[in-house]
Amino acid sequence: MSNRFALLLLVLFFAGCAAQPMRHCPGKQTADEAIAVLKSRREKVTPIRATGQCLLRYHVEGKVRKGNFPVKLWVNPPYEIYLQGDVAFDATGLVFGSNADEFWFWLKPKEVSSYWSGKWSQAGIWNGLAVSPMIVLEAFGAVDIRQGDWTLSRDDNLDLLVLRNDRSIIIQKIYIEPCDYVVRKIERFDDSGDIYLKAEFAGYEKTAEGFLTPSRIKIAAVSEKGGEDSVEITLSSVKTTELSSQQRQRLFVRPLPRGFNHIYQVINGQAVEQKQQ
């Protein structure tokens, strides 16, 4: 066997001989068309439960901490979500959740031991929550389309929806794969145009009921100095489900903070530490 032929076999092996040809779709013509499709999908999304693995990177006193642990996830669009991660042999070492009114997030490891919560109406632009419940909801089809000046363009093979504020500064970008019209990436910017949150969604697969859901989710909160706290969720099982009223009460009602060293409430985009009771 010649070296050239062996090299060709190696290339074919890694490229995947059975790979499907890349699809090319024209995308939508206007922002209104694109928004209409996203809103329609938001209305049709059903409750989902999933299991997988989470890689968490965060900073504590200038040092990078990492954690890799299994997670369980329940999603009940458009507002309810609950994720728990088994961190340091604690099945609820990491938890984040939300409902229509508020969100909550905690980390139990001793070097962090913190609990954050807030009302959506008070969240503002806060980059302290890498594991953003709203972004994960958007990954599963519940894209939050705010009122405003949206425009549509193309970015390589993707449709790109851009939202500007009243000073024409870009505050949000949504990248959409035009064939299945699923969201591939979301970027959010503050009122000065600086990015503070970015998320990428990949590996979309159909559930038994035909819904497209991502198997890989990466979310990063960007600090003012350019540093990032991030979470990467890789889902191994995603299924539609039915949730009883008791399950919704257990999963989507914010629990009171107990046993944490630090308790924060997010007010007008700022995490304000609360006095312990």
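Parameters at a glance
Residues numbered from 1 in each chain as written. Predicted model: local features only at pLDDT ≥ 70, side-chain atom pairs only at ≥ 80, totals over all residues. Heavy atoms only, no water. Helix = DSSP H or I, 4+ residues; strand = E, 2+ residues; numbered from the N terminus. Buried < 20%, exposed > 50% of the residue type's maximum accessible area, 1.4 Å probe, protein only. Contact = heavy atoms within 4.5 Å. Core = buried A, V, L, I, M, F, W, Y, C linked by side-chain atoms within 4.5 Å. Disulfide = S-S within 2.5 Å. Phe/Tyr/Trp six-rings, centres within 6.5 Å; stacked < 30°, edge-to-face > 60°. pLDDT = per-residue confidence, 0-100. Polar contact = N/O pair within 3.5 Å; in protein donor to acceptor, adjacent residues only side chain to side chain. Pairing = 2+ DSSP bridges.

*Asks:* Looking at this structure, how should I read the environment of Pro109?
*Replies:* Following the sequence through the fold, Pro109 ends up in the loop between strand E5 (102–107) and strand E6 (114–119). Residue Pro109 is classed as buried on the basis of its relative accessible area of 13%. Setting aside residues up to four positions removed in sequence, Pro109 forms contacts with Val87 and Gly93.

*Asks:* Help me understand the nonpolar core, please; the structure alone is not making it clear to me.
*Replies:* Soluble, globular proteins show a tendency: their nonpolar side chains are buried together. If you look at the biggest cluster of nonpolar residues, it comprises 54 residues, and the most contacted ones within it are Leu94, Phe140, Leu161, Ile174 and Phe201. The leading source of residues in this core is strand E1 (residues 48–60), at 6 residues. Setting aside residues no more than four positions away along its own chain, Phe201 makes contact with Ile135, Ala139, Val183, Arg184, Lys185, Ile186, Pro214, Arg216 and Ile217. Within the second largest apolar cluster, 11 residues are counted, among which are Trp74, Tyr82, Leu251 and Phe252.

*Asks:* What's the story with the state of the cysteines in this structure? I'm lost.
*Replies:* What makes a disulfide is a covalent bond joining the sulfur atoms belonging to two cysteines. Inspection of every chain in the model, using the stated rule, returns 1 disulfide. Paired through a disulfide, Cys25 and Cys179 show a sulfur-sulfur distance of 2.0 Å. Residues Cys25 and Cys179 are joined by a disulfide whose S-S torsion is about 105°; by sign, that bridge is right-handed. Residue Cys25 is located in the loop between helix H1 (3–15) and helix H2 (31–44), and its partner Cys179 is located in the loop between strand E9 (170–177) and strand E10 (182–189); the two are separated by 154 residues in the primary sequence. Among the residues examined, Cys25 registers a relative accessible area of 24% and is labelled partly exposed.

*Asks:* Would you mind going over the packing of aromatic side chains with me for this structure?
*Replies:* The way to describe two aromatic rings as a pair is by their centre distance and the angle between their planes. The tally for this structure, following the rule as stated, stands at 7 aromatic pairs. Relative to Phe260, the ring of Tyr115 lies with its centre 5.4 Å away and its plane at 55°, an arrangement referred to as tilted. Taken as a pair, Tyr115 in strand E6 and Phe260 in the loop between helix H5 (245–252) and strand E16 (262–267) lie far apart in primary sequence, 145 residues in all. The pair formed by Tyr115 and Phe260 is uniform in burial state, with each residue classed as buried. A centroid spacing of 5.7 Å and a plane angle of 15° characterise the contact between Trp116 and Tyr264, whose relative ring orientation is stacked. On the criterion of sequence distance, the pair formed by Trp116 in strand E6 and Tyr264 in strand E16 is long-range, its members being 148 residues apart. Residues Trp116 and Tyr264 agree in their burial class; the two are buried. Of the aromatic side chains, those joined through ring pairs into one cluster are Phe105, Trp116 and Tyr264.

*Asks:* How do you make sense of the confidence of the model for the protein chain when you look at a structure like this?
*Replies:* Reading predicted coordinates in detail is not appropriate for stretches of low pLDDT. Here the protein chain averages 83 in pLDDT, and 86% of its residues register 70 or above. Ranking the elements of the protein chain by mean pLDDT puts H1 last, at 34, and strand E8 (residues 158–164) first, at 96. Below pLDDT 50 for its whole length, residues 1–21 participates in 3 contacts with residues either more than four positions away or in separate chains.

*Asks:* Would you mind showing me how to read the side chain of Gln172 here?
*Replies:* Following the sequence through the fold, Gln172 ends up in strand E9. For Gln172, a relative accessible area of 0% gives the class buried. A distance of 2.9 Å separates the side chain of Gln172 from the side chain of Arg146, its partner in a polar contact. Beyond its immediate stretch of four places on either side in the chain, Gln172 contacts Glu138, Asp144, Arg146, Trp150, Leu161, Val162, Leu163, Ile186, Glu187, Arg188 and Phe189.

*Asks:* Even after reading the chapter, I still don't get the pairing of strand E3 (residues 80–87), so can you show me in this structure?
*Replies:* The two faces of the sheet receive side chains in turn, since in a regular strand these alternate between them. With 7 of its 8 residues buried, E3 lies for the most part within the structure. Two successive antiparallel strands, strand E2 (residues 63–76) and E3, enclose a turn made up of 3 residues. Pairing between E3 and strand E4 (residues 90–98): 6 bridges, direction antiparallel. Across the sheet, Ile81 pairs through a bridge with Ser98, a residue of E4. Between E3 and E4, which follow one another and run antiparallel, lie 2 residues, and Ala88 among them has a positive phi close to 55°.

*Asks:* Before we go on, may I ask you to explain unusual backbone geometry in this structure?
*Replies:* Glycine aside, negative phi is the norm for most residues, and most peptide bonds take the trans geometry. Here the amide bond leading from Pro77 into Pro78 is cis, since omega sits at 10°, within 30 degrees of zero. Inspection of the secondary structure puts Pro78 in the loop between E2 and E3. With a phi angle near 65°, Ser168 is a residue other than glycine that sits in the positive phi range. Note on placement: Ser168 falls in the loop between E8 and E9. Even without being glycine, Tyr181 reaches a positive phi, approximately 55°. Turning to its location among the elements, Tyr181 is positioned in the loop between E9 and E10.

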